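Listed below are the residues making up each chain.
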Amino acid sequence: MAKANRVYKQKAPVAKNDRVEADIIDLTYQGMGVAKVAGFPLFVANALPGERVLLTVTKVLKNYGFARIQEIVKVSPDRVELQDKLALTTGIAPMANLSYPAQLAWKQRQVRELFKKAQLRVAVAPTLGMADPTHYRNKAQVPAQMVNGRLETGFYRRGSHRLIPTDSFYIQDENVDEAIRVSRDLLQELGVTAYDEETGKGLVRHVMTRYGKATGQLMVVIVTAKERFPEKEAFIAGLRKRLPKLVSLVQNVNAKKTNVIMGQENHLLWGQAEIEDQLLGKAYLIGPNSFYQVNPETTAKLYSLARNMADLKPTDTVIDAYCGIGTIALTIADKVKKVLGVEVVEPAIEDARQNAKLNGIWNADFVVADAPEQMHQWASEGKTADVVFVDPPRKGLTKDFIEAVGVMKPERLIYVSCNPATLARDVKDLLEEGYEVDGRVQPVDQFPQTMHVEAVVKLVRVKK
């Protein structure tokens, strides 16, 4: 897990265009192999630990450089030869050249090393993976760009805004890929132009699709730079004819000069405003801007694991911090007396309330608030909880939140993390608030073929 910001205090031992032979000793968080020449790190795309490679140096910076493979002298037994190299070229699936068992082992090691670095002695279980670690994503946001005079969709080459047109995205559900492909073909036929971020001309910025794997419902969202869409009626008719699973067609308007994909203005062109999906026996309505986990198979494993770890009782009051649209809260609601969900994003709370009503769940209340502030308020009011679930963003928990947990003193805390580095940091702080790790840290491969790993851990209050 090499980092690019380690300081190299001597003059670089290599220069651009030098050819060197070196061993690959590690992988970065971006999926690049790490070689060292006289201690100087070189980052190499499509290189795996255990390989010996002949390299050409392509760029040299103060503390590190980049190189390109000329020849693999010794091949890793874990290497997978890909028919479609675009998965690596674009960064869609930066670990696709590594066998899946090796990916799972790397992710377990990543979690273990981060806890070790935090000076925490914990056991880390083998990573929970998927039977088929491809075509799992139920959502895609694919950029559009004019290439050779016509609108194309694809992904950007790593480190650039140069679009590489592609029909297959390797990790997306095939229904999602089909919807992207059909939308692109129809836009081409109608002569619709893609938005140019430099000139501000053109219409289509992205094509976004969502698919309910449990229901077979498909949503297509055309993200445009302005509201006027002259070919709208022909586009609606064409897409309805070619995509039989389509139930929702939306135009999202994003007129700002920004790299944020979605705007806040949605226009329903045809069908339903939302699609429905199901997770662990609960139904969820999902709109264009809703947050919903992109891998429902492993999300079910993750939430089942978190629910089972919590040892829930019918008398329990539970807090679901960073609750989003309520997926954890609604998963556990029928096991406990009361659930309180808190989330700072107001539309997410509106979705959570709607989903609770949809499922006939009346013992879950949802509050729009900053989770650390709300925890402190509840603690100051003397409110307590038996169990707290946290599923924070990548930056992890704040000191305020952890202090509030220390004041509220829940018996059990279940931490679902999308960033094991901040997980290890936060667990260390929670130990100082009187908690201890109960059982093993469990990594879950929510995003196969990428460097990301989720993990869940149970903490319990130390008995005094």
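Model, not experiment: these values are computed from the prediction. Along each chain, residue indices are assigned from 1 in the same order as the chain's sequence is written. A pLDDT threshold of at least 70 governs which residues receive local features in this predicted model, and a stricter bar of 80 or more applies before side-chain atom pairs are shown or counted, although totals over entire chains, interfaces and linings include all residues. For side-chain calculations, the full set of non-hydrogen atoms in the structure is used, while hydrogens and water are omitted.

Undergrad: Looking at this structure, how should I read the overall build of the protein?
TA: The helix and strand labels rest on DSSP assignments: H or I over at least four residues marks a helix, E over at least two residues marks a strand, and numbering proceeds from the N terminus. Each helix and strand counted, the protein has 10 helices and 22 strands in total. For the protein, the C-alpha atoms occupy an extent of roughly 65 × 60 × 40 Å along the three principal directions. Evaluated residue by residue, the protein yields a buried proportion of 55% over its 464 residues. Here the contacts in the protein between residues at least 6 apart in sequence split such that 65% fall between residues at least 24 apart. With residues, only the protein chains shown are counted as cover, and all accessible areas are computed by Shrake-Rupley using a 1.4 Å probe. If you sum the accessible surface of the protein, you get close to 20,900 Å²; carbon and sulfur atoms cover 49% of it. Asp and Glu are treated as the negative residues and Lys and Arg as the positive ones, with His and the ends of the chain left uncounted. For this purpose, a charge sits on NZ of Lys, CZ of Arg, CG of Asp or CD of Glu. Here the protein holds 63 positive side-chain charges and 55 negative ones, and the gap between their average locations is 5 Å. Here's how the labels work: a residue is buried when its accessible area is under 20% of the maximum for its type, exposed when over 50%, partly exposed in between, all with a 1.4 Å probe on protein chains only. Whether two residues are in contact is decided by their heavy atoms, any of which lying within 4.5 Å being enough.

Undergrad: Which parts of the structure should I look at to understand the state of the cysteines?
TA: By definition, a disulfide links two cysteine residues through a covalent bond between their sulfur atoms. The disulfide criterion is simple: two cysteine sulfur atoms within 2.5 Å. For the coordinates displayed, the defined rule picks out 0 disulfides. The cysteine C323 is free of any disulfide, with C418 supplying the nearest cysteine sulfur at 15 Å. Under the relative-accessibility criterion, C323 is labelled buried at 4%. On the basis of relative accessible area, C418 is assigned to the buried category, the value being 19%.

Undergrad: Honestly, the pattern of salt bridges in this entry has me stumped. Any pointers?
TA: A side chain with one charge may pair with a side chain of the opposite charge, provided their charged atoms come close. Only one rule defines a salt bridge in this text: a Lys or Arg side-chain nitrogen within 4 Å of an Asp or Glu carboxyl oxygen. Summed over all chains, the structure comprises 18 salt bridges. Where D316 meets R412, a salt bridge forms, and the shortest distance between an N and an O atom there is 3.4 Å. Here D316, found in the loop between α5 (296–309) and β15 (317–321), pairs with R412, found in strand β19 (residues 412–417); they are 96 residues apart in sequence, far enough to count as distant. Overall, D316 belongs to the buried group, its relative accessible area being 2%. Given the relative accessible area of 10%, R412 is considered buried. Put simply, E21, D23 and R52 are held in one network by salt bridges that share partners.

Undergrad: Is there a simple way to explain the nonpolar core in this structure?
TA: As a rule of thumb, soluble globular proteins bury nonpolar side chains together. Definition of nonpolar core: a set of buried residues of the types Ala, Val, Leu, Ile, Met, Phe, Trp, Tyr and Cys, connected through side-chain atoms within 4.5 Å. Grouped together as the largest cluster of nonpolar side chains are 41 residues, with contacts concentrated most on L312, F366, F389 and I414. Per-element accounting of this core gives the leading share, 5 residues, to α5. If we ignore the near neighbours within four places in the chain, the residues touching I414 are A306, M309, A310, V387, V388, F389, V390, V456, V457 and K458. Core analysis: the next-biggest nonpolar cluster, separate from the first, contains 39 residues, L82, A144, L186 and L269 among them.

Undergrad: Sorry if this is basic, but what is going on with the sheet that holds strand β3 (residues 40–44) here?
TA: Within a beta sheet, neighbouring strands are joined by backbone hydrogen bonds and run either parallel or antiparallel to one another. Pairing is mixed in the closed barrel, where 5 strands are placed in the order β1-β2-β3-β5-β4. Sheet twist, expressed as the average angle between the axes of neighbouring strands with direction ignored, equals 50 degrees. A pair of strands is considered paired only if DSSP assigns at least 2 bridges between the two. Of the pairings in the sheet, the one linking β3 to strand β5 (residues 65–74) comprises 3 bridges and is parallel in character. Across the sheet, residue V44 finds its bridge partner in β5, namely A67. In this description, a line fitted to the C-alpha atoms serves as the axis of each element, helices being fitted only across the stretch in contact, and the angle between N-to-C directions of two axes falls anywhere from 0 to 180 degrees.

Undergrad: How do you make sense of unusual backbone geometry when you look at a structure like this?
TA: For residues besides glycine, phi is generally negative; the peptide bonds are generally trans as well. Positive phi, normally seen in glycine, also occurs at Q119, with a value near 60 degrees. Structurally, Q119 is set in the loop between α2 (100–117) and β6 (139–147). By relative accessible area, Q119 is classed as exposed at 67%.

Undergrad: Looking at this structure, how should I read the packing of aromatic side chains?
TA: Here a ring pair, both rings aromatic, is described through the centre-centre distance and the interplanar angle of the planes. Pairing of aromatic side chains here covers Phe, Tyr and the six-membered ring of Trp, requires ring centres within 6.5 Å, and sorts the geometry by plane angle: under 30 degrees stacked, over 60 edge-to-face, intermediate tilted. Summed over all chains, the structure comprises 7 aromatic pairs. Where Y284 meets Y292, the ring centres are 6.1 Å apart and the plane angle is 45 degrees; that geometry is what we call tilted. Y292 shares its class with Y284; the two are buried. Here a set of aromatic residues connected by ring pairs shows up, and it is made of F43, Y64 and F66. Consider the ring centre and the ring normal. A charge sits over the ring if Lys NZ or Arg CZ is within 6 Å of that centre and within 35 degrees of that normal. Lying over the aromatic face of Y195, R205 brings its terminal NZ or CZ to 4.5 Å of the ring centre.

Undergrad: What exactly am I supposed to notice about helix α10 (residues 420–432) here?
TA: For an α-helix the count is 3.6 residues per turn, leaving residues at separations of three or four pointing the same way. In this analysis, the expected span of each helix is defined as 1.5 Å times one less than the number of residues it contains. A rise of 1.5 Å per residue sets the reference length of α10, with its 13 residues, at 18 Å; its end C-alpha atoms lie 19 Å apart and thus fit the reference within 8%. The set of residues buried in α10 consists of P420, T422, L423, A424, D426, V427, D429 and L430. Against the buried residues of α10 lie α2, α9 (399–408), β19, β20 (435–437) and β22 (454–461).

Undergrad: What should I look at first to understand the pairing of strand β13 (residues 275–279) in this one?
TA: The side chains of a regular strand alternate between the sheet's two faces. Of the two faces of β13, the one holding I275, D277 and L279 is buried and the one holding E276 and Q278 is not buried anywhere. For β13 and strand β14 (residues 282–286), the ladder comprises 5 bridges, and the chain directions are antiparallel. Bridge assignment links I275 to a residue of β14, and that residue is I286.

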